[in-house]
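Working through the structure, step by step
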Amino acid sequence: PGPDRDRASAIVGVQGLAPYWFEVDAGLRVSEDGDASAEFEAEYDWRFTQRLVLQARGETSYAFDEVEEFGVGEGLTGLTLGLRARYHISREFAPYVGLTWRDRFGDTADLLEAEGEDTESSAVVAGVRWWF
């Protein structure tokens, strides 16, 4: 799948706080071509101090249709897991550093392998969480 491909989508989702303080997001995405997928993400924060936080994140999605030109196969498409440490300099400003691991499954993995791409990847991430 190339970076020059575009398509529009509409998303309906819910976001909230689950029992035991898990932040969850769930959404249903429908593209302009009628292709549908469901997405789920969960986060959990461990506070070591009022300023130092370790955040675990997990994300997965399920495609109801195969969209070969975007490298998406029908079924469970993959899993992304991450761990980030952030330090709140102020409530609105918190730099972070972390690790992310991603794996693709099933038909999506088969489509990516046919294009010569890896199905598994990991990365070091860094950034700033900023509110205004």
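Refer to the structure above for everything that follows.
A few points on the structure. Values in this document were obtained by computation on a predicted structure and should not be read as measured data.

Position of leucine 52 relative to the elements: it lies in strand S4 (residues 52-63). Residue leucine 52 is classed as partly exposed on the basis of its relative accessible area of 34%. C-alpha of leucine 52 to C-alpha of alanine 63: the two residues are 11 residues apart in sequence and 37 Å apart in space. Setting aside residues up to four positions removed in sequence, leucine 52 forms contacts with Trp46, Arg47, Arg86 and Tyr87.

Across all of its chains, the model carries five salt bridges by this definition. Note that glutamate 43 is salt-bridged to arginine 57, the shortest N-O span being 3.2 Å. Here glutamate 43 is found in strand S3 (residues 36-47), whereas its partner arginine 57 is found in strand S4, with 14 residues between them in sequence. Take arginine 57: its relative accessible area is 25%, and that puts it in the partly exposed class. In this structure, aspartate 45 engages arginine 86 in a salt bridge whose closest nitrogen and oxygen atoms are separated by 3.0 Å. Taken together, the positions of aspartate 45 in strand S3 and arginine 86 in strand S5 (residues 75-87) put the pair 41 residues apart, joining distant regions of the chain. One network of salt bridges, with partners in common, ties together Glu41, Glu43 and Arg57.

Pairing within the open sheet is antiparallel, and its seven strands lie in the order S1-S2-S3-S4-S5-S6-S7. Each end of this open sheet is capped by a strand with a single partner; those strands are strand S1 (9-18) and strand S7 (120-130). For this sheet, the mean inter-axis angle between neighbouring strands, taken without regard to orientation, is 15 degrees. The sheet contact formed by S5 and strand S6 (residues 93-104) spans nine bridges and is antiparallel. The residue bridging arginine 84 from the neighbouring strand is glycine 98, located in S6.

Each value, and the rule that gives it
Residues numbered from 1 in each chain as written. Predicted model: local features only at pLDDT ≥ 70, side-chain atom pairs only at ≥ 80, totals over all residues. Heavy atoms only, no water. Helix = DSSP H or I, 4+ residues; strand = E, 2+ residues; numbered from the N terminus. Buried < 20%, exposed > 50% of the residue type's maximum accessible area, 1.4 Å probe, protein only. Contact = heavy atoms within 4.5 Å. Salt bridge = Lys/Arg side-chain N within 4 Å of Asp/Glu carboxyl O. Pairing = 2+ DSSP bridges. Axes fitted to C-alpha atoms, helices over the stretch in contact; angles between N-to-C directions.

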